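Chains, contacts and geometry: an overview
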Amino acid sequence: VAKRNGGNSCALFEAHMDRSAGEQLSLLSDLRQALARGQLVLHYQPKIDGKRGQVHGVEALLRWQHPERGLVEPDEFIPLAERFGLINQLGGWVIDEACRQMHVWADQGLRMRVSVNLSVHQLRESDLVGRIEQALQRNFVPASQLLCEITESVAMEDIKATQRTFDNLARIGVYLSIDDFGTGYSSLSYLRQLPARQLKIDRSFVQDLESSNDARAVVDAVIRLSHALGLRVVAEGVETAAQNDILLQMGCDELQGYHFARPMSAQALQSWAQDGDNRRSAGNSPLAFSDSVL
Ligand code: C2E
Ligand code: MG
Ligand code: MG
Ligand code: MG
């Protein structure tokens, strides 16, 4: 199975070529039913604030609870959904569900900032901004509590759609993030034209931090330039304490990865936050939504 490496379209392609055409077809017909049958679920992975060690927010990651196959990962079904016109429907559900969960958390006194991932197809959808606005209003969630992540290569794939949709989302107050930065071929000077607030360094660079001087130099330069452009930097795929230390020394604003926590159900996230051991690795503070940053 092709190794997942942060939004790399080549790896996604290989991953879904691994399945025979027949198997893909059966997966596809199951996927058409998945939404109606309530098999989709969002898992949430904490993002840790580098300076305070608090949970700064979570990223919503889509999962499919298949009755026979078990939990299916997004790299297996999102490319399929994109190819066969299901992604706008799935993506719409993700937005609604993330906002519903923010409402539930808010009722429990937890103002949690949530990121959702958008596909390029959603950027082209004319009513995306309206749908997001409705989901926010219905759940009494302020727009600035929602972040939309778009992978760098996707942002480059359709620059016009990206620019237009980003501008419209920024206008209603939603924060925008460039995901998997470093895997595409864009320049920071192009990204400067987008109203993004955040840039996420792809996990492939984070992985190499300890072993490669080049990776360190690239990450250091990306953090400096991002800060000069007023962007917050998130490192994804932080798996070791050493990577964490290097990134903190470089001034990385937020960290996300298995070193802190894996993506988990909304319920598991709550127990995780209340567990003292987890709090220690995340810096000994209670789960808190910090409003002053970003
Ligand atoms: P992403 O947005 O870059 O999300 C990060 C991925 O890295 C997630 O994989 C996460 O589980 C994984 N990850 C986090 N920390 C670590 C770590 O320390 N080590 C390693 N090896 N991996 C880590 P996941 O959940 O399988 O998602 C894969 C991709 O699928 C996402 O990459 C995103 O591009 C896409 N995706 C997920 N949910 C959605 C969605 O609702 N809509 C769309 N359009 N795409 C989604
Ligand atoms: Mg990715
Ligand atoms: Mg993401
Ligand atoms: Mg990413």
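Residues numbered from 1 in each chain as written. Chains lettered and ligands numbered in written order. Predicted model: local features only at pLDDT ≥ 70, side-chain atom pairs only at ≥ 80, totals over all residues. Heavy atoms only, no water.

1. Looking at helix α13 (residues 266-274)
- Here α13 has its buried residues at A266, L269, W272 and A273. All buried residues of α13 project into a common sector of 115° when viewed along the axis, lining one side. Exposed side chains of α13 directed beyond 90 degrees from the buried face belong to Q267 and Q274. (Buried < 20%, exposed > 50% of the residue type's maximum accessible area, 1.4 Å probe, protein only. Helix = DSSP H or I, 4+ residues; strand = E, 2+ residues; numbered from the N terminus. Arc of directions from axis to C-beta.)

2. Things to note about the confidence of the model for the chain
- Averaged over the chain, the pLDDT score is 87; the fraction of residues at 70 or greater is 87%.
- Per-residue pLDDT stays below 50 along residues 282-287; that stretch engages in 18 contacts with residues further than four places along the chain or on separate chains.
- Here residues 289-294 is a poorly scored stretch, pLDDT under 50, and it has 23 contacts once near neighbours within four places are set aside; other chains count.
- Across the assembled chains, the prediction reports ipTM 0.98 with pTM 0.90. (pLDDT = per-residue confidence, 0-100. Contact = heavy atoms within 4.5 Å.)

3. Points about the packing of aromatic side chains
- This structure, assessed with the given rule, holds 2 aromatic pairs.
- Geometrically, the ring pair formed by Y44 and W105 is edge-to-face, given 5.0 Å between the ring centres and 70° between the ring planes. Of this pair, Y44 sits in strand β1 (residues 40-49) while W105 sits in helix α4 (residues 87-107), and the two are 61 residues apart along the sequence. Summarising the burial analysis for this pair, Y44 and W105 share the class buried.
- Between W64 and F77, the aromatic rings sit 5.6 Å apart at their centres with planes inclined by 80°, giving edge-to-face as the arrangement. A residue pair is termed long-range when its members are at least 10 positions apart, and W64 in strand β2 (residues 55-66) and F77 in helix α3 (residues 74-83) qualify at 13 residues. Each member of the pair, W64 as well as F77, is classed as buried. (Phe/Tyr/Trp six-rings, centres within 6.5 Å; stacked < 30°, edge-to-face > 60°.)

4. Digging into the coordination of the magnesium ion (ligand 3)
- Within the protein, the magnesium ion (ligand 3) binds to E59 (OE), N117 (OD1), E149 (OE) and D179 (OD); these donor distances fall in the range 2.0 to 2.2 Å.
- One chain supplies every donor to the magnesium ion (ligand 3), and in sequence these donors are spaced E-x57-N-x31-E-x29-D.
- Between the magnesium ion (ligand 3) and the magnesium ion (ligand 2) the interatomic distance comes to 5.5 Å. Taken as a pair, N117 in strand β4 (residues 114-117) and E149 in strand β5 (residues 146-151) lie far apart in primary sequence, 32 residues in all.
- With relative accessibility at 1%, the residue E149 sits in the buried group. (Donors = N, O, S within 2.8 Å, 3.2 Å for Na, K, Ca; no water.)

5. Description of the site of ligand 1
- As a matter of local geometry, ligand 1 sits amid 24 residues, with R63, N117, D179, E239 and Y258 nearest to it.
- Interatomic distance of 2.9 Å between a side-chain N/O atom of R203 and an oxygen atom of ligand 1.
- Between ligand 1 and E236 there is a distance of 3.5 Å, counted from an oxygen atom to a side-chain nitrogen or oxygen.
- Here ligand 1 has 810 Å² of accessible area as a free molecule, and 92% of this is covered by the chains. (Near = heavy atom within 4 Å. Polar contact = N/O pair within 3.5 Å; in protein donor to acceptor, adjacent residues only side chain to side chain. Areas by Shrake-Rupley, 256 points an atom, 1.4 Å probe, with all protein chains shown as cover.)

6. Points about helix α8 (residues 159-172)
- Counted at 1.5 Å a residue, the expected span for α8 with its 14 residues is 20 Å, and the 20 Å between its end C-alpha atoms agrees.
- Within the sequence span of α8, burial applies to A161, T162, T165, F166 and L169. Buried residues along α8 cover an arc of 120° about the axis, so they all sit on one side. Of the residues in α8, the exposed ones pointing more than 90 degrees away from the buried face are K160 and R171. (Expected span 1.5 Å × (residues − 1).)

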